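Structure assessment
Residues per chain, in single letters:
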Amino acid sequence: MNPRVVFRATAVLAVVGGMAIGTAPGAFAAAAPAPSPVSGTPTPVSGQGAALAALKAHCDDAAHRRLGSLSSDASYVAQSRALTGPDRTTLAGQISADRSGLTALDATIQADTTVAQARTDCQKIVADYHVYVLEEPKIHEVIAADGVTAANAAFTKLIPELQALINTSAVPADQKARAQTALEDLRSKVTASTTSISGVTASVINLTASGYPGNAVVLKSAAQNISTAKGDLDGARGDVNTILHALGH
Amino acid sequence: MNNTRRALSALSLAAVALLSGCGAGATGPTTVAVPAASTPAPTAQPVAAAPSAAAATVAAADATPDPAALNQQISDIDNQLKVIGGESSAAASGLNSSEGDPTS
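This report concerns the structure included in the present document.

How each quantity is defined
- Residues numbered from 1 in each chain as written.
- Chains lettered and ligands numbered in written order.
- Predicted model: local features only at pLDDT ≥ 70, side-chain atom pairs only at ≥ 80, totals over all residues.
- Heavy atoms only, no water.
- Contact = heavy atoms within 4.5 Å.
- Buried area = accessible area lost by both parts, 1.4 Å probe.
- Salt bridge = Lys/Arg side-chain N within 4 Å of Asp/Glu carboxyl O.
- Polar contact = N/O pair within 3.5 Å; in protein donor to acceptor, adjacent residues only side chain to side chain.
- Helix = DSSP H or I, 4+ residues; strand = E, 2+ residues; numbered from the N terminus.
- Nonpolar A, V, L, I, M, F, W, Y, C, P; charged D, E, K, R; others polar.
- Axes fitted to C-alpha atoms, helices over the stretch in contact; angles between N-to-C directions.
- Parallel < 35°, antiparallel > 145°, perpendicular 65-115°, else oblique.
- Left-handed = near helix turned anticlockwise from the far one by under 90°.
- Disulfide = S-S within 2.5 Å.
- Buried < 20%, exposed > 50% of the residue type's maximum accessible area, 1.4 Å probe, protein only.
- Expected span 1.5 Å × (residues − 1).

**A few points about the interface of chain A and chain B**
A common way to express how large an interface is: the accessible area buried when the components associate. Taken together, the 44 residues of chain A in the interface contact 29 residues of chain B. Summed over both sides, the interface of chain A with chain B buries roughly 3100 Å², with 66% coming from carbon and sulfur. Linking chain A with chain B are 2 salt bridges. For the salt bridge of Arg66 of chain A with Glu99 of chain B, the shortest nitrogen-to-oxygen distance reads 3.0 Å. Along the contact surface separating chain A from chain B lie 7 residue pairs in polar contact (both at pLDDT 80 or more). Counting only elements with at least two residues in the side of chain A that touches chain B, the list comes to helix H2 (47-79), helix H4 (115-127), helix H5 (131-168) and helix H8 (216-246) of chain A. With 21 residues, H5 of chain A is the single largest residue contributor to the side of chain A that touches chain B. Grouping the constituent residues of the side of chain A that touches chain B by class yields 28 nonpolar, 7 polar and 9 charged.

Below you can see the structure in the form of structure tokens.
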């Protein structure tokens, strides 16, 4: 029989027996009184056993919550149009490794025989993966950084076409001049965005949970660079509007 | 008769000047298009030779972009900016979150 099922069953028994477990910090460490036998159940559960079962149930939930998030992340990364091929491959590999590791860790926890052992292993669900504060922000930052790079390229392609539009426009000279000024501003903003985003993906994509929380500063720095680049790109987009408006489009 | 001969002679000189690319009438695309450093010997070049790369560049810079293509490019950029904004927010949200403690 699957040990996880047994442990879940004992946790349910404990609750049925009137134990208020899992509702307060330290609940798992306390030795609870043995529950009254429930008619039709095979084995009465000791206090220690109930606490262990409840802890395992909590850990199982925590692991599965993260596995669910990682599963969504895997789909998200697979479908993201902003990611470059190599970055997609790297992130997909990391997510896959996390899913395998967490699944194995959960099995280990469910096989633990003492509360202390289960507690130690359970803490690894957070410490060894940092799914929510490291892996997921990292994934989003890589997608954002790749998106900035793609947008820079798109603007760079657009610039000569806007220049041609200005050159061939029949609008009065002052309007042309306004368009040309906006185009120069657009150029400088794309250059600034390119500078801001340079190296961002490389700085975060291989950050690991073992380096957390020390490497959180790298994530925060990357977020700042992405934000700065995004501000420049928004400005560049505004310049496009100015150009088109000045040229009567 | 003399006038006719003189006129024919002038036409002949003008034709030679055009073919050699250095006459008064040789200010068309061929002259503009061919840079001195890469100009081949102008011996048998016809006046209506294909435009050079330089001429093509000038033409491209002055060509009016296709409005539909331009709009598509701008629309693509708008979508990219939306993605960047969304991902930035999601990353910030994660950075400001906490893992919780599954043992408590």
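What follows picks up the thread again.
**Topic: the packing of H5 of chain A against helix H6 (residues 173-197) of chain A**
In helix packing, the relevant descriptors are the interaxial angle and the interaxial distance, both defined with respect to the helix axes. Residue and element names in this part refer to chain A. Remark: H5 packs on H6, axes separated minimally by 10 Å, with the N-to-C direction vectors making an angle of 160°. One way to sum up the angle between H5 and H6 is to call them roughly antiparallel. Considering how the two elements wind past one another, H5 and H6 form a crossing that is left-handed. On H6, the residues touching Ala145, Val148, Thr149, Asn152, Phe155, Thr156, Ile159, Leu162, Gln163, Ile166 and Asn167 of H5 are Lys176, Ala179, Gln180, Leu183, Glu184, Leu186, Arg187, Val190, Ser193, Thr194 and Ile197. Here the residues of the contact of H5 with H6 are counted per class, giving 11 nonpolar, 8 polar and 3 charged.

**Notes on the environment of Thr228 of chain A**
Relative to the helices and strands, Thr228 of chain A resides in helix H8. Distance in space between the C-alpha atoms of Thr228 of chain A and Ile197 of chain A is 8.6 Å, their sequence separation being 31 residues.

**Quick notes on the state of the cysteines**
Residues and elements named next belong to chain A. Under the criterion given, the structure shown has 1 disulfide over all chains. Covalently, Cys59 is tied to Cys122 through a disulfide, its sulfur atoms 2.0 Å apart. On the S-S bond that ties Cys59 to Cys122, the torsion sits near -120°, and the link is left-handed. Of the two residues, Cys59 sits in helix H2 while Cys122 sits in helix H4, which places them 63 residues apart along the sequence. In terms of burial, Cys59 and Cys122 fall into one category: buried.

**Describing helix H3 (residues 85-111) of chain A**
For H3 of chain A, spanning 27 residues, the distance from its first C-alpha to its last is 39 Å, which sits close to the expected 39 Å at 1.5 Å a residue. Inspection of H3 of chain A places Asp87, Leu91, Gln94, Ile95, Asp98, Leu102, Leu105, Asp106, Ile109 and Gln110 of chain A among the buried residues, and these make up the whole buried set.

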